[in-house]
Structure formats: structure tokens, C-alpha cells
There are 2 protein chains.
Amino acid sequence: MTAGAITLALDAMGGDAAPRMVVAGADRALDDHPDVRFRLFGDGAILEPLLKGYPRLRARSELRHTDEVVADDAKPTTALRQARASSMRLAVDAVRQHEADAAVSAGNTGALMAMAKVLLRTLPGIDRPAIASVMPAAKRPVVILDLGANAECDATNLVQFALMGSVFARTVLGVEEPSVALLNIGTEALKGDDVVQQAANRLRAGELPIRFEGFVEGTGLMAGSVDVVVTDGFTGNVALKVAEGTARLIIDRFRDTLADSWAAKLGVLLARRSLGRLKAKLDPQRYNGAMFLGLGGVVVKSHGSADASGFANAINVAVDLVNGSANGRIGEELAQYAQPVSEAAS
Amino acid sequence: MTAGAITLALDAMGGDAAPRMVVAGADRALDDHPDVRFRLFGDGAILEPLLKGYPRLRARSELRHTDEVVADDAKPTTALRQARASSMRLAVDAVRQHEADAAVSAGNTGALMAMAKVLLRTLPGIDRPAIASVMPAAKRPVVILDLGANAECDATNLVQFALMGSVFARTVLGVEEPSVALLNIGTEALKGDDVVQQAANRLRAGELPIRFEGFVEGTGLMAGSVDVVVTDGFTGNVALKVAEGTARLIIDRFRDTLADSWAAKLGVLLARRSLGRLKAKLDPQRYNGAMFLGLGGVVVKSHGSADASGFANAINVAVDLVNGSANGRIGEELAQYAQPVSEAAS
């Protein structure tokens, strides 16, 4: 690993359209980042002929053959025990061995997180890593975590997520003093959730370098009323997928509506360029690439249904994380505040 | 109460734009349901002059004066203890005393649920009532519950919600064999949620008259892959509000995009009628009116920010519930299956 040049380990076999979209996506990422190098882990018999179509990528890649692949429906524990030489595990292990700066996979999320935890360990001061992503909300991009690594969380987990999300917004998104809120069901709720209330009390105490703004509801999340939204992995995952599903629903309805009269069809023709720009802006592939935060190495998870452009975006996220030294800085801040974070727990 | 004619008790003082939108909404509801009668609970000094502008409504309404109002930020317990003659409480009490077939309020949700539980009691076989609504998903309208009455739920609560949602879809929406699913974070999740897994096991056992389809993710909810989606009140509330927020975000982006060139503006002019129809179809006021299920009486909660058209829709929901004898039928089915429901709990 030469200083300055970034090397990424790619799980070439993970994802619905793998390995084709992994290879095409990596090639596409070279448009933005021509200096990046790749280590591709996967079936050489498939990858070798595929790479022949991408001479530029071929020149910047090293192929590491393995037959083993983690199944999409494999339980994390099974994947850990059985697939010791899987393309996914080898990619994560390359980060552990400092042969790569980051790993990117579109495979089984649970297995990837389990491997990342075992091989890279969690950072000091962090009990559980979280999955974070950046959502395109109305006022600004919003960092949201956890998106599914921890279905159940206690208040300490949420406080640690708040710290990680805040550091991430500062180091990678360049937000100076990111505002942070806990996702909740509003003040009018019949019954508050104890975990969320406890976490809020600790964050209000102000011992951590977090600009805590209290609670935000689902509408506030999408309005972009804060920079970072913290929640448990169950709620976060549902929120992300409801947003995806609603966006798809409304765009489809628009399309149907605009096809229902000749005047409307002509109108669409005239507005074609503007609508094309909007479609590009709302394309979920643009926001592909979820970060695993709180680990001793950078791992980025691509959506399983990513296409080449989506996978290229996941690679871009990994490059940004490495360039921003996000993980190192999160580690430093966590080490500095590890005491208040765990004290808050007592 | 004459057989056939429906009487509704309205909390005239609840909601951001009350009492104006309550009165205007009730008048508007008479367009669809000219036979409905109203009992309006609220400040006579404000309501009397207001009603003068609505002679048709005035003729079908009985005004019950009270000075007391439940504050929007009042805790449920406080509202129960202090506001004994509040417009909200009197409206719910009218249902208890069989002076009205249903109560409608746009006030404090938590207080309304607390009063409904105390005054109307839960149906036999139900531990906790739930808030349900119908969401406009892609393939069909989807019944979703709970939307915030119970931030934390156990597996028995979820099983009971599944039964209530199923009966509601049959009796009010007229779906013959409604498909029911539990909201979850997908099979690839690192860690399942125990409560959801337990509830699924009980529903799979098949002792209840529920067509259980397993799990659905946030995307499946918005796609409308089943008729009824069951979840805890925390997740349900977040899901509903994220869907609302995403819809608003995308519609705003469309508007901005279509205003960014002369060709696009001309296009919009041509497509105006179609876009107007779509806007009407997606208008959240159209879907206003959440049902409290599992109580010994019908209570409908309007969104606090409802306008007259939204409040009229909440009234329509109450009329549909009364006409469909939804509550009675839910009670009968619950009585019949109370044993399996509680046995399942053991």
C-alpha cells in the first residue's frame, strides 16, 4: 500500500447482479478516482474473462481467486463458521491485514457485519457498530443510523451512535457543528419509549461534543430538520425502506398520471429535460453505499440490488471515508470521550 | 338515537384550526351523509356565532357548552385527572352513554386514547387498543396498526392487533380474506427482533382466522403487498410519518423542477389537469381519520393539522365504522377467538 494511492478490497461475488455489476461498477468508479487500485475476490473462472472487457480496470486490479461465496440467506453465524475462504470474508480480511484501505460488498448484510466485527473489532469505547447512510432530505443530506445492525438497542448504544454520527458528519460531510436528534414518535405520544428518553437525558447532560437538538419525528427526518438522526436498527431500517417505497410509489403515480391525456403527454415532452434531471436526483442508486461505523477498519455495504452505477457510488463512499480519515478521527474522538460515554451508561 | 340515523359526538375544540375547521368540516360531511346528526362539545360563546354561518349544520346539531379544553401538550394522565368536563372527554362520554354512535376529535392523541380506555373500556380479549389507519399503497389501500398507542408491544399485543386489523379489513374495507403481515427488517437482518419472531410463530400456528403471510419490509408496506400490516406503535408511527414526509419532499421537488425552464413551465400548463388530479389523489387530508380499535365504542382521531376537508374525511371514517358495525363485529370475533389469543400468549 503506497501512501496516497487507495486500495479497495471488493467482494466480487456479492449482490443480485454480481459479479458483472461489481466489475462494471469498479471500472466506472475509475472515472472519478483514476488512482484507486482494487483487489477483487471471487471466482477467477468468471472474473478473468469478464475483466478482459475492462482493460483499464484490469490494469489497476489484482484478482484473488476463491470458489466460496456467502449465500444471501445464510445466517451470520453460519457464514462465519462455514465460509472461511468466502469472497466476502477475504475482502474484509484484506482490510485487517492492511492490504486494502477499505472493503466494499453488496452481499448478505448480516454476514458482512459479523465478519467485520470478528476481523476488524469494534473501536475502543464502542459496544456495537452501526450501519449509517446519508438520506436526501428536503433541507440537507441527513446522516441516519442505525439502519439494521442492531434490532434492539439500549440507551448507551444510542449515545454512542450519536457520537459516531456526529463525527462522521463533521469529517466526511464537512458540517461544522452537526445538529443531532433522536427519532421519536412526538411529544403527543401516549407512552414514551424508555430507551429513547434515557438516551435523551444523557445527551442533554452535555458531556459529549454533540449539539443535541432533542427529538425528531418521521416528518422531521425527511424535512431535514437536523444533520444526524439516531435510532435503533429496527426503526431505522423500516424508516429507510418506507422512504424508498414511498418515493417509488409517487414517481410511478406521476408517470401514470402524466400518461393519461394528450395534453399531459405533450406537457411531459416539453418538461422532459427537467424531469430527467429530477429522476437522476432521486435515483436511489445515487445514494447507494452504507457505512459500517465503529469498527477498526472501513467497510461499505452496497444495496444487494445495486447496478453498476450504484456499485460505483458505494466505491465512491469508501474512497471518501478513506480520504476523510473518518475512521481514524472517529477512533480518536471516541478514545477521548470513551469515559463520559461509558460513565453515562452507569 | 333513532335506528338508522347516525349521531356523532364532535370535540369542537381539538385541533390546530379548531373550532372553525370542525364546524366547516361537519357541514361539509353533510354533503355525503345528509342524515347524520351531531353533538358539538365546546365553547358556546365561540360556537354559537360560528354556527350561524352554517344553517344546514345548525339544524342537525345540538350544542353542549363547556369551557374546558385539553391542552395539546397535556400528559394523558393529567388530562384524565384535570379536564373532567373537557370537550374531548364529554364527546367520548357521549359514546359511553349511548348518546352518540361515535366520537371524533382532532385533539391530543394520548389524552383521547386514555379517555377512551377509561370510559369505553377495551373489548374482551384485548389487552391494549391500537390506532389504525388506511395508507394509500401502490397495489391497494393497506390497513396499518399500531400507529402510536403503544410504543412498546409484546407478542400477544401484536397477535391481537393482527386479529383486529383483519376483522377491520373484512368488515369496513370489504376485503374477503385479508392477507396480514408483520413489519420487519427483512431476512438478511443481523439480528431478528424477538417480539416479532414470537408473534410470527403464534400467527403461523393458524388457530386464528387470519391469513398470515409472514414478514413485510418497509418497501413491501408501500408496495401494498398485503392488506394488513401489523407493528408496534413506535415503528408504525415512524413509518407513517416518514411516508408523509417523503411524499411532501418529492412533490415539492417536482414542483421546483417543473418551474426551472420555460419549456417545463409550458409543459406543466398542458399537464395541469392531470397534475391536479394526482395532487388530489395524494392529498393527506383525503386519508385523514385514524381508528381506535379494540374499544367498547367507536372513536376516530383526526390529524391535529386537519383542515375542514380533512376533518370531514375523519367524520366519513366514523360513519363508515358505524355503518359497517365494525366495532360490534370485532367484538364478536374477539369473543369467539379470545381463548386462542390468550392461550397463544402462554
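Here the structure is a predicted model, which is why all the values come from computation and not from measurement.

A. Spatial organisation of the nonpolar core. Formed by 255 residues in total, the largest nonpolar core has its most connected members in A102(A), A318(A), A102(B) and A318(B). What A318(B) contacts, discounting residues up to four positions off in sequence, is L8(B), A102(B), V104(B), V298(B) and V300(B).

B. Highlighting the relation of the copies chain A and chain B. Mapping chain A onto chain B leaves a residual RMSD of 0.0 Å; the transformation is a rotation of 180° accompanied by 0.0 Å of translation along its axis. Such values leave the two copies arranged in the relation of a two-fold axis. Distance from the rotation axis, computed per C-alpha, reaches its smallest value in chain A at G267(A): 1.6 Å. When the interface residues of chain A are mapped onto chain B, 100% of them again lie at the interface, so the same face is used by both copies.

C. Expanded view of the domain arrangement of chain A. All names here are of chain A. In terms of domains, chain A is made up of domain 1 (1–126 + 294–325) and domain 2 (132–285). Relative to domain 2, the C-alpha centre of domain 1 lies at a distance of 26 Å. On the domain 2 side, the residues contacting the 13 residues of domain 1 number 7 residues. Put simply, the parts of the chain that give the side of domain 1 that touches domain 2 at least two residues each are α6 (109–120) and α13 (308–323). Of all the elements, α13 adds the most residues to the side of domain 1 that touches domain 2, at 5 residues.

D. Quick peek at the sheet that holds strand β7 (residues 179–183) of chain B. Residues and elements named next belong to chain B. A sheet is described by the order of its strands in space; here 11 strands give the open sequence β3-β2-β1-β4-β11-β10-β5-β6-β9-β7-β8, paired in mixed fashion. Either end of the sheet is taken by a strand with one partner, and the two such strands are β3 (61–65) and β8 (211–216). Strand-to-strand twist of the sheet, defined as the mean angle between neighbouring strand axes without regard to direction, takes the value 25°. Where strand β10 (residues 290–293) and strand β11 (residues 298–301) come together, 3 bridges link them in antiparallel fashion. Across the sheet, residue F292 finds its bridge partner in β11, namely V299.

E. Here's a closer look at the sheet that holds strand β2 (residues 37–42) of chain A. Residues and elements named next belong to chain A. Here 11 strands make up an open sheet; going across it, the order is β3-β2-β1-β4-β11-β10-β5-β6-β9-β7-β8 and the pairing mixed. Where the open sheet ends on each side, the last strands, each with one partner, are β3 (61–65) and β8 (211–216). For this sheet, the mean inter-axis angle between neighbouring strands, taken without regard to orientation, is 25°. With 3 bridges connecting them, strand β5 (residues 130–136) and strand β10 (residues 290–293) associate as antiparallel partners. Paired with I131 across the bridge in β10 is F292.

F. Local environment of the packing of helix α7 (residues 155–171) of chain A against helix α8 (residues 194–204) of chain A. Residues and elements named next belong to chain A. Across the interface, α7 lies against α8 with an axial gap of 8 Å and an inter-helix angle of 50°. Taken together, α7 and α8 sit at an angle that is classed as oblique. With respect to the hand of their crossing, α7 and α8 are arranged in right-handed fashion. From α7, A155, L158, V159 and A162 reach across to α8, where they touch V195, Q198, A199, R202 and L203. Residues that form the contact of α7 with α8 fall into these classes: 7 nonpolar, 1 polar and 1 charged.

G. Region of the structure containing the environment of P76(B). Mapping P76(B) onto the fold places it in helix α4 (residues 76–82). Classification of P76(B) by C-beta neighbours within 10 Å gives buried; the count is 22.

So, how was this worked out
Residues numbered from 1 in each chain as written. Chains lettered and ligands numbered in written order. Predicted model: local features only at pLDDT ≥ 70, side-chain atom pairs only at ≥ 80, totals over all residues. Core = buried A, V, L, I, M, F, W, Y, C linked by C-beta atoms within 7 Å. Buried ≥ 20, exposed ≤ 12 C-beta atoms within 10 Å, placed from the backbone. Contact = placed C-beta atoms within 7 Å. Least-squares fit on C-alpha atoms with pLDDT ≥ 70 in both. Domains from an automatic or database assignment. Helix = DSSP H or I, 4+ residues; strand = E, 2+ residues; numbered from the N terminus. Pairing = 2+ DSSP bridges. Axes fitted to C-alpha atoms, helices over the stretch in contact; angles between N-to-C directions. Parallel < 35°, antiparallel > 145°, perpendicular 65-115°, else oblique. Left-handed = near helix turned anticlockwise from the far one by under 90°. Nonpolar A, V, L, I, M, F, W, Y, C, P; charged D, E, K, R; others polar.

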